[in-house]
Number of protein chains: 2
Amino acid sequence: MNVCKRLDQLLLQIAEIGCDQTTGGYNRFAYTEADHQLRVFFAQTAEELGLEVGVDAANNQWAWWGDPDREPEHNLVLGSHLDSVPSGGAYDGPLGVLSALSAIAELIDDGFQPRSAVGVANFIDEEGARFGVACLGSRVLTGETSYERLSQLIDYDGIPFVDVVSASGVDPARLGRDDRALSRIGSFVELHIEQGHQLIDLHAPIGLASFIWPHGRWSTTLSGTPNHAGTTRLEERDDPLQRAAHFVLELGELAIARDAIATCGKIVVEPNAVNAIAAKVHLWIDARAEDPDRLAHLETDIVALAERLGGRLVNDSLTPMTVFSASLNQRLGSLLENPPVISTGAGHDAGILASHGIPTAMLFVRNPTGVSHSPAENANREDMAAGVDALIRVIRGLTS
Amino acid sequence: MNVCKRLDQLLLQIAEIGCDQTTGGYNRFAYTEADHQLRVFFAQTAEELGLEVGVDAANNQWAWWGDPDREPEHNLVLGSHLDSVPSGGAYDGPLGVLSALSAIAELIDDGFQPRSAVGVANFIDEEGARFGVACLGSRVLTGETSYERLSQLIDYDGIPFVDVVSASGVDPARLGRDDRALSRIGSFVELHIEQGHQLIDLHAPIGLASFIWPHGRWSTTLSGTPNHAGTTRLEERDDPLQRAAHFVLELGELAIARDAIATCGKIVVEPNAVNAIAAKVHLWIDARAEDPDRLAHLETDIVALAERLGGRLVNDSLTPMTVFSASLNQRLGSLLENPPVISTGAGHDAGILASHGIPTAMLFVRNPTGVSHSPAENANREDMAAGVDALIRVIRGLTS
């Protein structure tokens, strides 16, 4: 079967799951009904191909073609995630999982028999949309996120992580690092839709990743004097939303000055009433830069900005620069006729695995809009076919 | 009994209802458990004084001392409301209701017998915190808000108004203008905590209201291009939160230039995720000015500002200037030894009744912080006593 037709069919099978019909965006958050349906779909699709399906101690799903315990150091794992950000696109995550399944299906049709096992992973909760921690599945798998930390997490409705997991039928106490699952990952190649337009500019359908920018998240709260909106003269106000507006505008200027990226994408106002001057404004900041020094300088700038506006900047997470495997990239480069190598500001499960010493690479597929985390995210059929074809060549090259 | 001691006791009886112990603020929204408890308290307190308690067709509560149907045009109605804004103060609303009950209790103790009936009203949902429409009780009572409009309202959780009302045991279809209840309001005097500090500046414990500023509410939505926060350069973004920040800052400048008041106290960001550039920002605007022309000019300015930033300003409500009864104010002035007369930017049920031709006045009690719609709202015992004493003199003067 034409590789793109197969991928099209798989994408179509999940097109309605978690789809907001008014925006065309996807809401597929960990441990929701949409997530459950996607996991059932993953298991059924893999089983129909004859793969062995299971879950690890982090509740990530695995599908194996061949015996993963025979020569585990030679296993090749593909895959990505099926969850989404709020109102996310159709490709961020699913493209990697479905391209891997399509590539395997094609090779089975061709009668190819890998000498070492090929796995497909569906990492749970990569986006962190529900509990605020990105790449939760790979972080638990590697032991980077402890059970103690998990037991402190609450979701967007204030429900504890452990209660959410229990309600799904999984004992949260069994969640944790899984050495057996880790030992089965000889090398990991995550295919992902590009979240930018370097490949557009380079006129290339696919690319390899060099490294992930260092990345931090911070938050701050600006407090003021709540008061009646109709009776307090503007000169007499201490309105934290005015200061928050300055923060948002100056944050962008600071990032540009450092040739970095900073975003305020989340704001919560209290009490958030039409006729009340705000009492508090909570702001969340995401910042990334191509190197750690630049990010550290930017952080210093943002700390000073928050202080000047009456807030204290709190660091919520800091992810160092992640460099992908040079030797694996070299092998992929020769198998794929040397596609361009690009850096990325986005975090991925591949980054978590790489930082834990697993030989890891990423393959990006061109995104004609350059837009990500949005319904506008897109992929051309030709480029998707190039992605599946690349995975086919990688499997053939690394497992025969 | 000392009038202030009685008022103190009543305030103490409701001090815990709807109180957020961490902020000291009150959350007393229409048709919630807190509201129900306050209504039970109102009915019990009034019945213990021997008053006749009932509800009108708008679900406002009434307590009558004397027969309200004997000479209804001579009836005097006092009262205010018991609901609050989110995290509101203890006095905005309750001070008017409890001062009225305290004044009547004092006069009963004194053996005073009014020649015409005295009523105390507890208007439901004055703040509009739950369904977004301020003074909903008086608006339904006067027929200003139709059943059709009510049936379109939804609360902060998206639950339709009619379902909320049904769940409280009231048939929403019976809600509407109540001519009998209106005919019983010979004149209405609402006592209220001042929401500003004119009385501080004037060194006066109480004041009379001249008029309520004209007042409007608007909203607008700024849309942008949602995108991944980690991979989109700032120069390439169309981030509506940046434009919203400009809106918030320039709104204040426009209001100051027009010598008016404008507030943005409510903002909702979509998707409101730490790692996603905002797709949409919804802003709500409250603006008031001392005269209608000034408010109209300010509205024109804000329409232009929204347009420049890519939004369309929608008017959600417009309340014209409300002038209180000159003859009633003259009588109160002579009964109360001519307290200062001040205008106010805040809307009240008294304003709704006045705009429907009912002789209406307002009495303000000094607020030592000048702060309203906040836990910081306050009242001195001496000033509260002056308020109750004023109501006693008004009842004696107007009903004997």
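Given the structure is predicted, the values throughout are model-derived calculations rather than measurements.

Participant: Can you break down the interface of chain B and chain A residue by residue, with the values?
Facilitator: Counting residues at the interface gives 61 residues for chain B and 61 residues for chain A. For chain B, the biggest contributors to the area lost against chain A are Leu234, Leu249 and Val274 of chain B; these three give 13% of the whole. Counting the contacts that link chain B with chain A gives 2 salt bridges. A salt bridge links Arg233 of chain B to Asp259 of chain A; the shortest N-O distance between them is 2.7 Å.

Participant: So what about the relation of the copies chain B and chain A? Which residues, and what values?
Facilitator: If you rotate chain B by 179° and push it 0.0 Å along the axis, it lands on chain A with an RMSD of 0.1 Å. Both chain copies can therefore be described as sitting about a two-fold axis. Proximity to the rotation axis, assessed at the C-alpha, singles out Ala245 of chain B in chain B; its C-alpha lies 2.2 Å from the axis. Comparing interface residues between copies, 100% of those in chain B also sit at the interface in chain A, which points to an isologous, same-surface contact.

Participant: How would you summarise a negative patch on the surface if you had to cite specific residues and measurements?
Facilitator: A cluster of acidic residues, Glu47, Glu48, Glu52 and Asp67 of chain A, forms a negative patch at the surface. Mapping Asp67 of chain A onto the fold places it in the loop between β2 (61-65) and β3 (76-81).

Participant: Describe the sheet that holds strand β7 (residues 215-223) of chain A, naming the residues involved and giving the relevant values.
Facilitator: Residue and element names in this part refer to chain A. Read across the open sheet, the 4 strands follow the order β9-β11-β7-β12; overall the sheet is antiparallel. Strands at the two margins of the open sheet, each flanked by one partner only, are β9 (261-270) and β12 (314-319). Taking the axes of each pair of neighbouring strands and ignoring which way they run, one obtains an average angle of 15° across the sheet. By the bridge criterion, 9 bridges tie β7 to strand β11 (residues 280-288) in an arrangement that is antiparallel. From the neighbouring strand, Ser223 faces β11, where its bridge partner is Lys280. Across the sheet, helix α9 (residues 240-257) touches β7, β9 and β11, and the angle it forms with β11 is around 10°.

Participant: Report on unusual backbone geometry, specifying residues and quantitative values.
Facilitator: Here the bond from Glu270 of chain A into Pro271 of chain A is cis, since omega is -5°, no more than 30 degrees from zero. Positioned with a positive phi, Asp125 of chain B is a non-glycine residue whose angle comes to about 55°. When you line up the elements, Asp125 of chain B lands in the loop between β4 (118-123) and α4 (136-141). Even without being glycine, Glu337 of chain B reaches a positive phi, approximately 55°.

Participant: Tell me about the sheet that holds strand β7 (residues 215-223) of chain B, and please be specific about residues and values.
Facilitator: Residue and element names in this part refer to chain B. If you trace the 4 strands from one edge of the open sheet to the other, you get β9-β11-β7-β12, paired in antiparallel fashion. What marks the edges here is a single partner per strand, and that holds for β9 (261-270) and β12 (314-319). Along the sheet, successive strands turn relative to each other by an average axial angle of 15°, direction set aside. Here β9 pairs with strand β11 (residues 280-288) via 9 bridges, running antiparallel. Across the sheet, the residue bridging to Glu270 is Lys280, located in β11. Where helix α9 (residues 240-257) meets the sheet, it contacts β7, β9 and β11, and its direction lies at approximately 10° from that of β11.

Participant: Pulling in residues and values, what's your account of the packing of aromatic side chains?
Facilitator: According to the stated counting rule, one finds 14 aromatic pairs over all chains in the structure shown. A centroid spacing of 6.2 Å and a plane angle of 90° characterise the contact between Tyr31 of chain A and Phe161 of chain A, whose relative ring orientation is edge-to-face. Here Tyr31 of chain A, found in the loop between α1 (3-13) and α2 (33-48), pairs with Phe161 of chain A, found in helix α6 (residues 161-167); they are 130 residues apart in sequence, far enough to count as distant. Since its relative accessible area comes to 16%, Tyr31 of chain A is described here as buried. Measuring from centroid to centroid gives 6.0 Å for Trp62 of chain A and Phe123 of chain A, while their planes differ by 75°, and the two rings are edge-to-face. Taken as a pair, Trp62 of chain A in strand β2 and Phe123 of chain A in strand β4 (residues 118-123) lie far apart in primary sequence, 61 residues in all. Cluster of aromatic residues (ring-pair linked, three or more members): Trp62, Trp64, Phe123 and Phe188 of chain A. Positioned over the ring face of Tyr26 of chain B is Arg28 of chain B, at 3.9 Å from the centre of the ring. Sitting over the face of the ring of Trp284 of chain B, Lys266 of chain B holds its NZ or CZ atom 4.4 Å from the ring centroid.

Quick notes on the rules
- Residues numbered from 1 in each chain as written.
- Chains lettered and ligands numbered in written order.
- Predicted model: local features only at pLDDT ≥ 70, side-chain atom pairs only at ≥ 80, totals over all residues.
- Heavy atoms only, no water.
- Contact = heavy atoms within 4.5 Å.
- Buried area = accessible area lost by both parts, 1.4 Å probe.
- Salt bridge = Lys/Arg side-chain N within 4 Å of Asp/Glu carboxyl O.
- Least-squares fit on C-alpha atoms with pLDDT ≥ 70 in both.
- Patch = residues over 30% accessible without salt bridge, like charges linked within 9 Å, V, L, I, M, F, W, Y side chains within 5 Å.
- Areas by Shrake-Rupley, 256 points an atom, 1.4 Å probe, with all protein chains shown as cover.
- Lys, Arg positive; Asp, Glu negative; His and termini not counted.
- Charge placed at Lys NZ, Arg CZ, Asp CG, Glu CD.
- Helix = DSSP H or I, 4+ residues; strand = E, 2+ residues; numbered from the N terminus.
- Pairing = 2+ DSSP bridges.
- Axes fitted to C-alpha atoms, helices over the stretch in contact; angles between N-to-C directions.
- Phe/Tyr/Trp six-rings, centres within 6.5 Å; stacked < 30°, edge-to-face > 60°.
- Buried < 20%, exposed > 50% of the residue type's maximum accessible area, 1.4 Å probe, protein only.
- Lys NZ or Arg CZ within 6 Å of the ring centre and 35° of its normal.

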